[in-house]
Amino acid sequence: MENWSVDQVCNWLRQRNLGELVPKFREEEVSGAALLALNDCMVQQLVKKIGHQAVLMDLINKYQQQKSGLESLTYCCKTASPEFPEVISGKNLKSFFARYKTLQWTSSYALPDFPYDVKCILAEKKCPDHSMRIRIIEFLQADMTKYLEGSLYPNSQQYNIVVNALLQAYPFLDEDGNGFLLWKRALKDRFKYVRRPIEDDEQVLRNKCKFGHRRGQTRKSSFAENKPDDVQVQVEEEPVHLEGSAMDVHIKWLKEEYMKTQRNWKEVDNRMNVTIELRRKMISNKAPLKDILRLFPFLRCPYQLFREFQLLTHMDIYKKTVEILEIYSENILSLYVVRNNPINIMLQENLKRHTEEDILKYMKTTAACLLLPDVFGDDSSLFAAVNEEVKVMTPVLEVKNPFNVNSCEFALYVGREELAQLDDCTMALAALVAAFHVFDIPCPKRIHRTLNFLESLVFEVRSPASLP
């Protein structure tokens, strides 16, 4: 940093979400050396906003602390003498140089120059959709590989450095305070994905032979209660990745807690967090749904289904569904294509019997939800079975007495078996979309346009699908 030009300092400010300071720093010709020489008084003169002052001083102090640690380590290596052979021999020497390399990597790391479309999304300070997140992760992985001189095995500290740099530059990516773990996990998964097909890299082959098909994984004995034998347990540096015995404890607790009437929901959330890798592994291996639900019965609860969806996609599916129905309900009901639909006819008959505004709104929202497949020319039987028996294997809603406020019932079915009871059409629609993603179930072609419309709004696609 000491040798940075003014332009490099300005780029550094932009990467740390301090772009507002660039014109003033350029005007005052603040180079890298000048940046490190700034004191509190100088910063107050250069920067007007107190928040920006605090962030800038914190970044400078952190860099100086890292530099101090690096100089201290270098001094130890240089001054080690034969009188203290343990300092410069064997594992200690290896440890010294490993730490030195990490500190050197830390002090020099800067986020990559993202492509134009990624920059545009980040400039809007909006959380990117799933495909854009993948692009960001791909660029971070490629950039880390460059810094690691081609190695595909970053250590935990290096993952932390990159994710911290990303969240410092773009704080809005740290959703609900869980962004760090989610981005770190995604970055780790990307490295695993890149390593998987490699057959000509000595380091990758060595680690595959040493650790099995993937680094950090090992085959464990099957869990209790007929858990599929081919499910592997993820063994990682993070404490959330547990070995068999610890995982068994969590699964047993979840099953016992599910049977209680008064549940400790905070502890349920914690234990569902630490077991998510096993669930994703079982689902990706196409384990029977009944086996997944036997081990993780809380997936039958709408709240946990929505929470699982949010962990996977970073989107609040219930909140998005509420917004979608509020915006589109009236438009759906006004379309000519649904004018003579039995659902719409039933709605019009029931509207005549009520005058309360809340009840009228409830019935219109319910009708709009149930009419969605007909709007897009899809097969409504793959979306909801209204006052009839469920006949399909894919996720579908069962709806009874939809316009009777006192006796209406909504349920989500998967594999012709009831998964969850739901409060209303909004929760039902959110649960239907979530089920396809959480259980990784392909969308039937005859309902594709309806779900594509909903997903484009949930994931905030720049050009979402629209009503016909």
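Right above here is the structure, for reference.
Throughout what follows, the structure given in this document is the object of discussion. Bear in mind that the values here come from a model prediction, so they are computed numbers and not experimental data.

Another point: the side chain of Glu-308. Examined against the element boundaries, Glu-308 turns out to sit in helix α16 (residues 302-313). For Glu-308, a relative accessible area of 1% puts it in the buried group. In this structure Glu-308 touches Met-272, Ile-276, Arg-279, Arg-280, Leu-299 and Val-438, once residues within four positions along its chain are discounted.

This part is about the pairing of strand β6 (residues 417-422). Both strand β5 (residues 409-414) and β6 contribute to a ladder of five bridges, which runs antiparallel. Each residue of the ladder has a partner; that of Tyr-413, found in β6, is Glu-418. The turn joining β5 and β6, which pair antiparallel and follow one another in sequence, is formed by two residues; a positive phi near 65° is taken by Gly-415.

Here we take up the packing of helix α19 (residues 357-375) against helix α20 (residues 425-438). Two elements in contact, α19 and α20, have axes separated by 9 Å at closest approach and are oriented at 30°. By the angle class used here, α19 and α20 are roughly parallel. Touching Thr-365, Thr-366, Cys-369 and Leu-372 of α19 are Cys-425, Thr-426 and Leu-429, all from α20. Counted by class, the contact of α19 with α20 contains four nonpolar, three polar and no charged residues.

For the rest of this paragraph, the subject is the environment of Val-458. Along the chain, Val-458 turns up in helix α21 (residues 448-458). In this structure, the C-alpha to C-alpha distance between Val-458 and Met-315, residues 143 residues apart in sequence, is 7.4 Å. Beyond its immediate sequence surroundings of up to four residues, Val-458 is in contact with Phe-309, Met-315, Ile-317, Lys-320 and Ile-324.

In this section: unusual backbone geometry. Of note, Arg-416 is a non-glycine position whose phi angle comes to about 65°, a positive value. Inspection of the secondary structure puts Arg-416 in the loop between β5 and β6. The phi dihedral of Asp-440 falls on the positive side, at around 50°, and the residue is not glycine. A residue is classified by how much of its surface remains accessible, and Asp-440, at 40% relative accessible area, is partly exposed.

How each quantity is defined
- Residues numbered from 1 in each chain as written.
- Predicted model: local features only at pLDDT ≥ 70, side-chain atom pairs only at ≥ 80, totals over all residues.
- Heavy atoms only, no water.
- Helix = DSSP H or I, 4+ residues; strand = E, 2+ residues; numbered from the N terminus.
- Buried < 20%, exposed > 50% of the residue type's maximum accessible area, 1.4 Å probe, protein only.
- Contact = heavy atoms within 4.5 Å.
- Pairing = 2+ DSSP bridges.
- Axes fitted to C-alpha atoms, helices over the stretch in contact; angles between N-to-C directions.
- Parallel < 35°, antiparallel > 145°, perpendicular 65-115°, else oblique.
- Nonpolar A, V, L, I, M, F, W, Y, C, P; charged D, E, K, R; others polar.

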